[in-house]
Amino acid sequence: MPEGFLKKALRGFEPYVPGEQPPDEEGWVKLNTNESPLPPSPNVIKTIKAAAGDSLRLYPSPTAAPARAAIAAHFGLQPSMVALGNGGDDLIEMCFRAFAGKGDHVAYPTPTYPLFEPLCTIHEAVAAPHPCAEGWSWPKELAEDHARLKFIVNPNSPTGTWSPESAVEEIVATAKGVVVLDEAYVDFAPESCIGLLEKHRNLLILRTFSKSYALAGMRIGFALGDPDLIAALDTVKDSYNVDRLAIVAAVAAIQDGSHHRAIVDHVVGERAWLADQLTALRFEVAPSAANFLFVQPPPGAVAAAVADALRERQILIRHYDREPIAGWFRITIGTLNQHEQLLGALKEILG
Ligand SMILES: Cc1ncc(COP(=O)(O)O)c(C=O)c1O
């Protein structure tokens, strides 16, 4: 295609590259994209099967109304404070459509979720990344930036860093525009900042069913916030952005609290165990409040070579090769069996 066909903003564009998804049947140990190691609730599977019938010829509810109502009831909010998306990523895209256009500044700390930067390019907004401070904490420049739109991820990815509510509130209270708090991993952390919604009308919280509800393949995310912010998202969303099976899955998943608790407890327990094991192998392990560990291999090991050697053994982790996190790995918390395979392979590779 002649380059001139592309809009100017996209010439030389570096897109977001999702983690590798090898074919399911090949039996990889997949610790690279922060999926749940445990399956979804059996009630969710039953509900999806029951819904996979004649009604699929009809469009879904444009507002995903049953899911909005169930999520609102779960959090003790009004349905007007909930919006649904085709995964959290869809909601992040909707935030750009609604709140940041050509020339507007969009601020976020780095390193963080690498989707924000390419979305700035697509929407011709000006990316304002602020390098993290000591211990991957948010830098003070982030609160001082008067961007129209700010993104913070808590716990952050890929670092796993947890920031207390007071740190979130400082950013939200001083902001001149909308602050999007991405809580994709919050169920594995001490607490959510949902309580801040009562005080701050410029705060939008994003959540996903992809991690702690084990539904990454269904693509369901939701936003919680002031009815005016939610209405703004609704005006820019795709007409039917959440399909019929996703809507019923969301309702069944949010109503099965005990299955959700079991997934979270498993991940939190395994996270502590894997952190100890990697520390014993002389890895540097950053404190993590998420469903992954951010680690650096022992001094002398070449990170890229270690990641390649794991890949040869059909074990996938996320390896970073760009500063400031060149040489770091992000390893999703898996099952005990997956961890044993990983540790066995690392012992072999590192000698
Ligand atoms: C920080 C963060 N936000 C949002 C998402 C998107 O999740 P999904 O689109 O699967 O809901 C991810 C996925 O890994 C993530 O790491």
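Values in this document were obtained by computation on a predicted structure and should not be read as measured data. (Residues numbered from 1 in each chain as written. Predicted model: local features only at pLDDT ≥ 70, side-chain atom pairs only at ≥ 80, totals over all residues. Heavy atoms only, no water.)

(A) Structural detail: the side chain of R318. In this fold, R318 is placed in strand β11 (residues 315–319). For the buried R318, no salt bridge is present, and the opposite-charge side chain at shortest range is D321, 9.0 Å distant. Engagement of the side chain of R318 in a polar contact is seen with the backbone oxygen of V17, the distance being 3.5 Å. If sequence neighbours within four positions are ignored, R318 has contacts with V17, P18, G19, L31, N32, W328, F329 and R330. (Helix = DSSP H or I, 4+ residues; strand = E, 2+ residues; numbered from the N terminus. Buried < 20%, exposed > 50% of the residue type's maximum accessible area, 1.4 Å probe, protein only. Lys, Arg positive; Asp, Glu negative; His and termini not counted. Salt bridge = Lys/Arg side-chain N within 4 Å of Asp/Glu carboxyl O. Polar contact = N/O pair within 3.5 Å; in protein donor to acceptor, adjacent residues only side chain to side chain. Contact = heavy atoms within 4.5 Å.)

(B) Focus on the domain arrangement of the protein. Partitioning the protein into domains gives domain 1 (20–39 + 258–350) and domain 2 (42–255). Each of domain 1 and domain 2 was reduced to a C-alpha centroid, and the two centroids are 25 Å apart. The partner domain 2 presents 22 residues to the 26 residues of domain 1 that form the contact. Each partner contributes to the roughly 1,700 Å² buried at the junction of domain 1 and domain 2, and carbon and sulfur atoms together form 67% of this total. Between domain 1 and domain 2 we count zero salt bridges in total. Linking domain 1 with domain 2 are eight residue pairs in polar contact (both at pLDDT 80 or more). Put simply, the parts of the chain that give the side of domain 1 that touches domain 2 at least two residues each are α9 (257–280) and β10 (292–296). With seven residues, the single largest contributor to the side of domain 1 that touches domain 2 is α9. For the side of domain 1 that touches domain 2, a count of residues per class yields 16 nonpolar, seven polar and three charged. (Domains from an automatic or database assignment. Buried area = accessible area lost by both parts, 1.4 Å probe. Nonpolar A, V, L, I, M, F, W, Y, C, P; charged D, E, K, R; others polar.)

(C) Structural detail: the sheet that holds strand β7 (residues 203–208). Strands sit in the order β2-β8-β7-β6-β5-β3-β4 across an open sheet of seven strands; the sheet is mixed. The open sheet terminates on both sides in strands that have one partner only, identified here as β2 (82–85) and β4 (126–131). Averaged over all pairs of adjacent strands, the angle between their axes in this sheet comes to 20 degrees, without regard to strand direction. Direction of pairing for β7 relative to strand β8 (residues 221–225): antiparallel, over a ladder of five bridges. By the bridge assignment, R207 is partnered in β8 with F222. (Pairing = 2+ DSSP bridges. Axes fitted to C-alpha atoms, helices over the stretch in contact; angles between N-to-C directions.)

(D) Geometry of the packing of aromatic side chains. On inspection of all chains with the given rule, the structure shows 14 aromatic pairs. Pairing F75 with F222 gives two aromatic rings, centres 5.8 Å apart and planes at 45 degrees, and the pair type is tilted. Of this pair, F75 sits in helix α2 (residues 65–75) while F222 is found in strand β8, placing the two residues 147 residues apart along the sequence. Taking 5.8 Å as the distance between ring centres and 75 degrees as the angle between the ring planes, the aromatic pair formed by W136 and F294 counts as edge-to-face. Within this pair, whereas W136 is found in the loop between β4 and α5 (140–144), its partner F294 is found in strand β10, the two being separated by 158 residues in sequence. An identical accessibility class is assigned to W136 and F294; each is buried. Connected via pairs of aromatic rings, a cluster forms that spans Y16, F96, Y108, Y113, F116 and F151. Against the face of F292 rests R330, its NZ or CZ located 5.6 Å from the ring centre. (Phe/Tyr/Trp six-rings, centres within 6.5 Å; stacked < 30°, edge-to-face > 60°. Lys NZ or Arg CZ within 6 Å of the ring centre and 35° of its normal.)

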